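Here is how the chains run, residue by residue.
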Amino acid sequence: LKSRLIVDRDFVLAPLDRRIFGVFVEHMGRCVYSGVYEPDHREADEKGFRRDVLALTRELGPTIGRYPGGNFLSGYNWEDGVGPKDRRPVRRDLAWGATETNQFGTNEFIDWCRVAGLEPMFAVNLGTRGPDEARNFLEYCNHPRGTYWSELRRSHGYEEPHDVKFWCLGNEMDGPWQICAKTAREYGRIAQETAKVMRLGCDSLQLAVCGSSYRDMPTYRAWEYEVLDLCFEHVDFISLHQYFRNDENDIEKFLTAIDDLDCFITEVAAIADAIAAKRRSPKRIMLSLDEWNVWYKAHGGKHLRKPGWPLAPRLLEEVYNVEDALVVGGALITLMNNADRVKVACLAQLVNVIGPIMTEPGGPAWRQTIFHPFALSSRFARGEVMRAKIETGRFAAGKYDAAPLLVSSVLHDPESGRVAVFALNRSLDAEMALKAELRGFGPRRLEEAFELHHDDLKAANTREAPNTVAPKPHQSATIDGEILSARLKPLSWNVFVTR
Ligand code: AHR
């Protein structure tokens, strides 16, 4: 099987917004409690943050972190999570049937982001609450001083504003499972007024309205159209959420989840542009895929809720295997190749709950399989995404008669001169001879190359064997002038970094 990839230095798709390497931290299960925060753990720092999780987070390399939910958001009072910890109320979390102690809240998340090295991305509750809460929360976070809410923040020990730039207007408000779900018109109006209130005096905020909870929602498309028709002037982004499933245990079909994602992005951009066309407006609404991942094994019933209002129950503790890592790696390539429209994306979630990092309470932390393509992509995908011509074989699976076997993205970083080639071989059984012509970049040398492959597609990393699935240095890559050649194993995800 031969594949040819051609890029030319002059043909740039778009600069990559590195916020596509975001993650999501929700008050759910053990993402916060015994995930990022566990004061009694031997690795805890003076603020109660697990140092082992911080180290793995830095290695993962997320750029932005969405907080505090998720479905949790739609019943959350942000005021419960600020101020002296011994006075914070303990409440029922109705979204996940848990007890929420509020020992971790807004300021702890900001502190954690600063130590972990990522930008915070907040969401306002448009379920049980609305514009009034949003304006107060924004004032608490971002106003320098001299007002009720900014002085309250200062009295809590945070003299300087948090300066949070990116805000989500609610979460999955189209979903019947959502606390105070809304019709498109109901949500569009409340999002419109909330955005207006938040923008007053804060022009530089970036605001995202909720799109559909997933592409198969019955209201998908009509929802986007109506919400954007109401909010177009007031927002910058529309969100997309998508979780990939392999219920039929059909790897070929599962791998076309990447093509589904590509279609989803194209469709939502088209709807946004239809609203722009209706107004004859040059404005372009950008896309925020602010929840995405593989999620289907730890789904439903006991994975979503446990009886008795427990503290930090084990919810959605999906164990990822090799197939899942290939899909995550492929989805990252798709996101890069949509760099002109997708400016933000958050892998959901960060720890324990459908997370690339797993922990045991009081015990170790380790990398799941999906950790690896994310970490390598965040490390090497910098600069501009190139337009690529790809000649490759095809396969039929899922909804597709002729899906390309090679899925690839090429990035050029003008600052460092590096060109990185990301390549997924979707063939089940054929090794792929890849020839990448990196035209106009001058003679190259290979700096680094990695391969993610395992003969057992169901292999996973566990507490006992945390390094079963890990990238290995690529053995077969060579460079001749501007031409990179490599042999890609069947069902492998690869990255080649040249300079
Ligand atoms: O990430 C888990 C849940 O999935 C989130 O709370 C919700 O927004 C989505 O349905």
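Values in this document were obtained by computation on a predicted structure and should not be read as measured data. (Residues numbered from 1 in each chain as written. Predicted model: local features only at pLDDT ≥ 70, side-chain atom pairs only at ≥ 80, totals over all residues.)

**Describing the overall build of the protein chain**
Consideration 1: Each helix and strand counted, the protein chain has ten helices and 26 strands in total.
Consideration 2: In summary, the protein chain has a C-alpha radius of gyration of 22 Å against a globular reference of 23 Å for 499 residues, a match within 12%.
Consideration 3: For the C-alpha atoms alone, the extent of the protein chain along its principal axes is close to 65 × 60 × 45 Å.
Consideration 4: For the protein chain, the residues scored as buried account for 50% of the 499 residues in total.
Consideration 5: Pairs at least 24 apart in sequence give 76% of the contacts found in the protein chain among residues at least 6 apart. (Helix = DSSP H or I, 4+ residues; strand = E, 2+ residues; numbered from the N terminus. Rg over C-alpha atoms; globule rule 2.2 N^0.38 Å. Buried ≥ 20, exposed ≤ 12 C-beta atoms within 10 Å, placed from the backbone. Contact = placed C-beta atoms within 7 Å.)

**Looking at helix H2 (residues 106–116)**
Consideration 1: Within the sequence span of H2, burial applies to Thr106, Glu108, Phe109, Trp112, Cys113 and Ala116. All buried residues of H2 fall inside an arc of 160 degrees around its axis, so they share one side.
Consideration 2: Gly117 occupies a position one or two residues after H2 and carries a positive phi of about 85 degrees. (Arc of directions from axis to C-beta.)

**Here we look at helix H9 (residues 322–336)**
Consideration 1: In this model H9 runs 21 Å from its N-terminal to its C-terminal C-alpha over 15 residues, within 8% of the 21 Å that 1.5 Å per residue would give.
Consideration 2: Across the 15 residues of H9, 15 count as buried, placing the element largely inside the fold. (Expected span 1.5 Å × (residues − 1).)

**Some remarks on unusual backbone geometry**
Consideration 1: Here the residue pair Tyr67 and Pro68 is connected by a cis peptide bond, since its omega of 5 degrees sits within 30 degrees of zero.
Consideration 2: The amide bond that connects Gly69 to the next residue, Gly70, takes the cis arrangement and shows omega of 15 degrees.
Consideration 3: Mapped onto the elements, Gly70 comes out in the loop between strand S4 (64–67) and strand S5 (91–93).
Consideration 4: Phi is positive for Asn102, close to 60 degrees, though the residue is something other than glycine.
Consideration 5: You can see Asn102 is positioned in the loop between strand S6 (98–100) and H2.
Consideration 6: On the basis of neighbour count, Asn102 is assigned to the buried category, with 21 C-beta atoms found within 10 Å.
Consideration 7: We note that Cys180 has phi near 60 degrees; this positive angle belongs to a residue other than glycine.
Consideration 8: Secondary-structure assignment places Cys180 in the loop between strand S8 (166–169) and helix H5 (184–199).
Consideration 9: Residue classification places Cys180 among the partly exposed residues on the basis of 17 C-beta atoms within 10 Å.

**As for the UniProt feature "domain: Alpha-L-arabinofuranosidase C-terminal" (unreviewed entry) in the protein chain**
Consideration 1: UniProt records the feature "domain: Alpha-L-arabinofuranosidase C-terminal" (unreviewed entry) for residues 290–492 in the present numbering.
Consideration 2: Across residues 290–492, helical content stands at 12% and strand content at 37%; the span's end C-alpha atoms are separated by 26 Å. (UniProt positions renumbered as here; feature names shortened; annotations may be inferred.)

**Quick notes on the site of the ligand**
Consideration 1: Every residue close to the ligand is listed here: Glu26, Met28, Gly69, Gly70, Asn71, Asn171, Glu172, Ser213, Glu291, Ala348 and Gln349.
Consideration 2: Taken together, the residues of the shell around the ligand break down into two nonpolar, six polar and three charged. (Near = placed C-beta within 6 Å. Nonpolar A, V, L, I, M, F, W, Y, C, P; charged D, E, K, R; others polar.)

**Looking at the packing of helix H8 (residues 257–278) against H9**
Consideration 1: For the pair H8 and H9, the least separation of the axes is 9 Å and the interaxial angle reads 30 degrees. Judged by the inter-axis angle, H8 sits roughly parallel to H9. Of the two possible hands of crossing, H8 and H9 adopt the one that is right-handed. Residues Ala257, Ile258, Leu261 and Asp262 of H8 pack against Val327, Gly330, Ala331 and Thr334 of H9.
Consideration 2: Among the residues forming the contact of H8 with H9, the class breakdown is five nonpolar, two polar and one charged. (Axes fitted to C-alpha atoms, helices over the stretch in contact; angles between N-to-C directions. Parallel < 35°, antiparallel > 145°, perpendicular 65-115°, else oblique. Left-handed = near helix turned anticlockwise from the far one by under 90°.)

**Overview of the nonpolar core**
Consideration 1: Ranked by internal contacts, the top residues of the largest apolar core, which has 153 residues, are Trp167, Leu169, Val327 and Ala420.
Consideration 2: Among all residues touching Trp167, those that are not within four sequence positions of it are Phe122, Ala123, Val124, Met198, Leu205 and Leu207. (Core = buried A, V, L, I, M, F, W, Y, C linked by C-beta atoms within 7 Å.)

**Some points on the confidence of the model for the protein chain**
Consideration 1: Across the protein chain, the average pLDDT comes to 98, with 100% of residues at 70 or higher.
Consideration 2: Both scores are given for the predicted complex: the pTM is 0.98, the ipTM 0.99. (pLDDT = per-residue confidence, 0-100.)

**Examining the sheet that holds strand S7 (residues 119–124)**
Consideration 1: Judged by pairing direction, the barrel is parallel, and its eight strands sit side by side in the order S3-S4-S7-S8-S9-S10-S11-S12 before closing back on the first. Strand-to-strand twist of the sheet, defined as the mean angle between neighbouring strand axes without regard to direction, takes the value 30 degrees.
Consideration 2: Against the sheet, H5 engages S7, S8 and strand S9 (206–209), with an angle of about 155 degrees to S8. (Pairing = 2+ DSSP bridges.)

**Let's talk about the pairing of S4**
On a regular strand, one side chain projects to one face of the sheet and the next to the other, so that they alternate.
Consideration 1: Here S4 shows two buried faces, one formed by Ile64 and Arg66 and the other by Gly65 and Tyr67.
Consideration 2: The pairing of strand S3 (residues 22–24) with S4 spans three bridges and is classified as parallel. Directly across from Phe24, in S4, lies its bridge partner Arg66.
Consideration 3: Remark: the S3/helix H1 (residues 51–60)/S4 crossover connection has right-handed handedness.
Consideration 4: The pairing of S4 with S7 spans four bridges and is classified as parallel. Bridging across to S7, Ile64 finds its partner in Glu119. (Right-handed = clockwise from strand over helix to strand, strands pointing away.)

**Side note on the domain arrangement of the protein chain**
Consideration 1: Annotation of the protein chain at the domain level lists domain 1 (2–10 + 385–498) and domain 2 (17–381).
Consideration 2: Taking only C-alpha atoms into account, the centre of domain 1 sits 29 Å from that of domain 2.
Consideration 3: Taken residue by residue, the interface counts 34 residues in domain 1 and 32 residues in domain 2.
Consideration 4: For the side of domain 1 that touches domain 2, the secondary structure elements donating two or more residues are strand S17 (394–397), strand S18 (400–404), strand S19 (406–413), strand S20 (418–425), strand S22 (446–452) and strand S26 (492–498).
Consideration 5: Classifying every residue of the side of domain 1 that touches domain 2 gives 24 nonpolar, five polar and five charged. (Domains from an automatic or database assignment.)

**Focus: the environment of Glu172**
Consideration 1: For Glu172, the position within the fold is in the loop between S8 and H5.
Consideration 2: Given 24 C-beta atoms within a 10 Å radius, Glu172 is considered buried.

**Structural notes on the packing of helix H3 (residues 131–142) against H5**
Consideration 1: At a minimum axis distance of 9 Å, the contact between H3 and H5 shows a crossing angle of 25 degrees. Between H3 and H5, the angle is such that the two are roughly parallel. For the crossing formed where H3 meets H5, the hand is right-handed. Touching Pro131, Ala134, Arg135 and Leu138 of H3 are Glu193, Thr194, Val197 and Met198, all from H5.
Consideration 2: Of the residues contributing to the contact of H3 with H5, the split by class is five nonpolar, one polar and two charged.

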